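Here is what each chain is made of, one letter per residue.
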Amino acid sequence: MTRPLFPPRSPPRGATCTLRTDRPVNQPRYDDKIVKMFLGATILWGAVGMLVGVIIALQIAYWPANLGLPWTTFGRLRPLHTNAVIFAFGGNVLFTGIYYSTQRLLKTRMWSDALSKLHFWGWQLIIVLAAVTLPLGLTQSKEYAELIWPIDVLITIVWVIFGANLFGTIAIRQVKHLYVAIWFYISFVITIAVLHIVNSLAIPATLLRSYPIYSGLTDGLVQWSYGHNAVGFFLTTPFLGLMYYFLPKAAERPVYSYRLSIIHFWGLVFLYIWAGPHHLLYSALPDWAQTVGMIFSIMLLAPSWGGMLNGLLTLKGAWERLRTDPVLKFMVVAISFYGMSTFEGPMMSIRSVNGLAHFTNWVIGHVHSGALGWVGMISFGMIYWLIPRLYQKELWNAKWATYHFWLATIGIVLYTLSMWMAGLMEGLQWRAIDQQTGLLQYPAFLDIVNRLMPYYWIRVVGGTLYLVGMVMLAINYVKTIRGPETAAAAVPSPAPAD
Amino acid sequence: MTNNGMEGPEQKAYEQLHRKLEGKGLLFILLTTVAISIGGLVEIVPMFTASYGPEVHAGVTPYTPLEVAGRDIYIREGCYLCHSQWIRPTRAEVLRYGEWTRAFEYRYDRPFLMGSRRMGPDLQRVGGKYPDGWHYEHMRDPRSTSPGSVMPPYAWLIDARVDPADVTASIRALKRTGIPYDLNEVSEVEASLQAQGAQVVTNLAGAGIESTWDTEIVALIAYLQRLGRDGSAVLSEDDASASSGAGEEGDR
């Protein structure tokens, strides 16, 4: 019998740890209040961001839903949707998980409660400012970096506060070695800081408007290095960090392979940055840059699937619990979608495939299989695991968690399938050449647009199902925390890093 | 608490090394920073060197103040979210939208507006494709010119005004990024806005539409009518000189 490539190890990594010997070890008192604050914000902004998503999906299927007002048109609400779901929902969910797990993994309270609070309120202020400025049409137009320069400055300050707090906590840790989740959090803090600053450099014209220091294709390349790596280092690596903490906790199994986690961590953080130019294939960007972007995008498949396998194989021996445990259901579907979208992404980065897919709904479908499937589902899994433990109360309605799971799953399937079909259809019709005449087979652009309508409606339905699930989570959360203490709850108090 | 699960004969050398690294927080942070910096540096830095930077072409001129104002409206309304300015070098794209986009055409684009999604058609060479009156009607009621369109109406552009002082602030900032403008004062910018706006107003009057030079719709029309024209002119000039060159060859 051959030895498996990545032999599982036992006892579980993270289940035991070496304490630092260079200072006396204290029994830490964790700051769970900040975790609860971030969790509440997550649920509020998640529902808002997804609602805006459903509205703009409806606006494409039914234009009168733009309402004839400047601040409710698609062009102004679309950035609001992306910013709300990425930075308001995604950001808060990450901070929830990071503040909870970091303290336990490092066996210490966060370095500074004041910085934690500044981080929380600063981040919420940024979100509120975004929700006001974007509908007013105050934008820098760079996708996922639309916020105007004064807010960009505020983001930088809040990010430094977060980074200082996290690195300070690492410095005062009572555990000698940094667990793999922490590696991913580090890459998150560093890379987002670099990307945000480099992409936002601009000369202000007024308080509300600025022009970037880069022009034309250089600006495009800087933006898409940002845009792609916002996906990489905001929506992927830190969520993998959450997976590495919360999945083994929920499954009560050790992480499958330490070796695999080393290889795929360094593979991901090194390779991801290079992949930006795949957003500019077939542009006037120098060919070598396009090709390098394509090659590195394809290589990304390996470390991405390394993470997926390490997640899925961690469940070895716990598969039967999938039938009953909604937390694991969410997590397994999340990891599966992570695997699917990280296969699809490299495929779409191949120049010839991109020639068909670019500018079409296929890209929208791809993004949402990652966002709804991976980011959303791993977040929901974590949240349902956290609520009873944080509040020491049993979930108000456990069945609703399972209903949420099914609504979300069906919603994603409707969303991604309809967008794949719509994307392929428009991509093929845009490029079809009549073999007899040598002219365009579908010269009327609007006819192609109107053929997509059934798919746009299916997307509205899929998105609505996903939103309904999110609202059920919100209700479940509110009912749970307002409900009575379930003393000596079935849920054990979370032991610090065990 | 001593067994950390990492020891044993199976452990590879790099795993032992990595285990040591995990004990050194600062080093870990530094190495991560190095790992994420290499790709960006290799790809982006060459864009600033002469050999890879955008080709300079005298035929491409900066946007006028009215076009800058129109471009800012285009950005404010999020037009780039549904319309690209990027024709790819394929037969179908060239047939549908015109000559494919060259790097030098983007020279004065700050920010770039290449777009990432085509809910509506590409606008790289929309300049001159339709009369000013068409754009006016299209913004007022997209379905009046394009039956079946899913674009929302932008009727508020008809009444909203462009503020010359605001445009001057934009011109000053753009000048600081390196775009060669010789306009400094609000009065100069206003004169330029008025002169170009009056031309659009005249064109609109020809279509029976009443408007004034300082409305947002006039600025947006000026911007849209400008799109791709410099590039097209340069490219057709290049074509002409190339074919005349070929002709000379043939004569010999």
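Residues numbered from 1 in each chain as written. Chains lettered and ligands numbered in written order. Predicted model: local features only at pLDDT ≥ 70, side-chain atom pairs only at ≥ 80, totals over all residues. Heavy atoms only, no water.

Peer 1: Please explain helix α1 (residues 13–21) of chain B as it appears in this structure.
Peer 2: Every α-helical turn comprises 3.6 residues, leaving residues that sit three or four positions apart pointing alike. Where α1 of chain B is concerned, the buried positions are E15, H18, R19 and L21 of chain B. The buried residues of α1 of chain B occupy an angular sector of 155 degrees when the element is viewed end-on, so they sit on one face. Residues A13, L17 and K20 of chain B are exposed on α1 of chain B and point more than 90 degrees away from its buried face. As for α1 of chain B, its buried residues are in contact with α5 (180–200) and α8 (258–272) of chain A together with α2 (25–44) of chain B. (Buried < 20%, exposed > 50% of the residue type's maximum accessible area, 1.4 Å probe, protein only. Helix = DSSP H or I, 4+ residues; strand = E, 2+ residues; numbered from the N terminus. Arc of directions from axis to C-beta. Contact = heavy atoms within 4.5 Å.)

Peer 1: Any chance you could explain the interface of chain A and chain B here in plain terms?
Peer 2: When the parts of a complex come together, some accessible area is lost, and that lost area is often taken as the interface size. With 107 residues of chain A at the interface, the matching set in chain B holds 88 residues. Three residues stand out in chain A for area buried against chain B, namely W63, Y211 and F359 of chain A, and they jointly supply 10% of the buried area on that side. Counting the contacts that link chain A with chain B gives five salt bridges. Counting across the chain A and chain B interface gives 30 residue pairs in polar contact (both at pLDDT 80 or more). The greatest single-element share of the side of chain A that touches chain B, amounting to 11 residues, is contributed by helix α6 (residues 216–233) of chain A. (Buried area = accessible area lost by both parts, 1.4 Å probe. Salt bridge = Lys/Arg side-chain N within 4 Å of Asp/Glu carboxyl O. Polar contact = N/O pair within 3.5 Å; in protein donor to acceptor, adjacent residues only side chain to side chain.)

Peer 1: Looking at this model, I keep getting lost on the packing of helix α3 (residues 65–76) of chain B against helix α9 (residues 216–226) of chain B. Mind explaining?
Peer 2: Geometrically, a packed helix pair is captured by the angle between its two axes and the distance between the axes. Residues and elements named next belong to chain B. Two numbers describe how α3 lies on α9: the axes approach to 7 Å, and their chain directions differ by 100 degrees. As far as their axial angle goes, α9 and α3 are roughly perpendicular. For the pair α3 and α9, the contacting residues are L66, E67, A69, G70, R71, I73, Y74 and R76 in the first and E216, V218, A219, L220, A222, Y223, L224 and R226 in the second. Here the contact of α3 with α9 is composed, by residue class, of 10 nonpolar, one polar and five charged. (Axes fitted to C-alpha atoms, helices over the stretch in contact; angles between N-to-C directions. Parallel < 35°, antiparallel > 145°, perpendicular 65-115°, else oblique. Nonpolar A, V, L, I, M, F, W, Y, C, P; charged D, E, K, R; others polar.)

Peer 1: What is the right way to read the environment of R173 of chain A from this model?
Peer 2: Residues and elements named next belong to chain A. Turning to its location among the elements, R173 is positioned in the loop between α4 (149–171) and α5. Its relative accessible area of 5% is what places R173 among the buried residues. Separated by 67 residues in sequence, R173 and L106 have C-alpha atoms that sit 4.9 Å apart. Within the structure, the side chain of R173 is placed 3.0 Å from the backbone oxygen of V175, a separation counted as a polar contact.

Peer 1: Help me understand the packing of α6 of chain A against α2 of chain B in this model?
Peer 2: It is at 11 Å that the axes of α6 of chain A and α2 of chain B come closest, and there the two elements cross at 160 degrees. Comparing the axis directions of α6 of chain A and α2 of chain B gives the class roughly antiparallel. Where α6 of chain A crosses over α2 of chain B, the two elements pack in a sense that is right-handed. For the pair α6 of chain A and α2 of chain B, the contacting residues are L221, V222, S225 and F233 of chain A in the first and I36, E43 and I44 of chain B in the second. Partitioning the contact of α6 of chain A with α2 of chain B into residue classes produces five nonpolar, one polar and one charged. (Left-handed = near helix turned anticlockwise from the far one by under 90°.)

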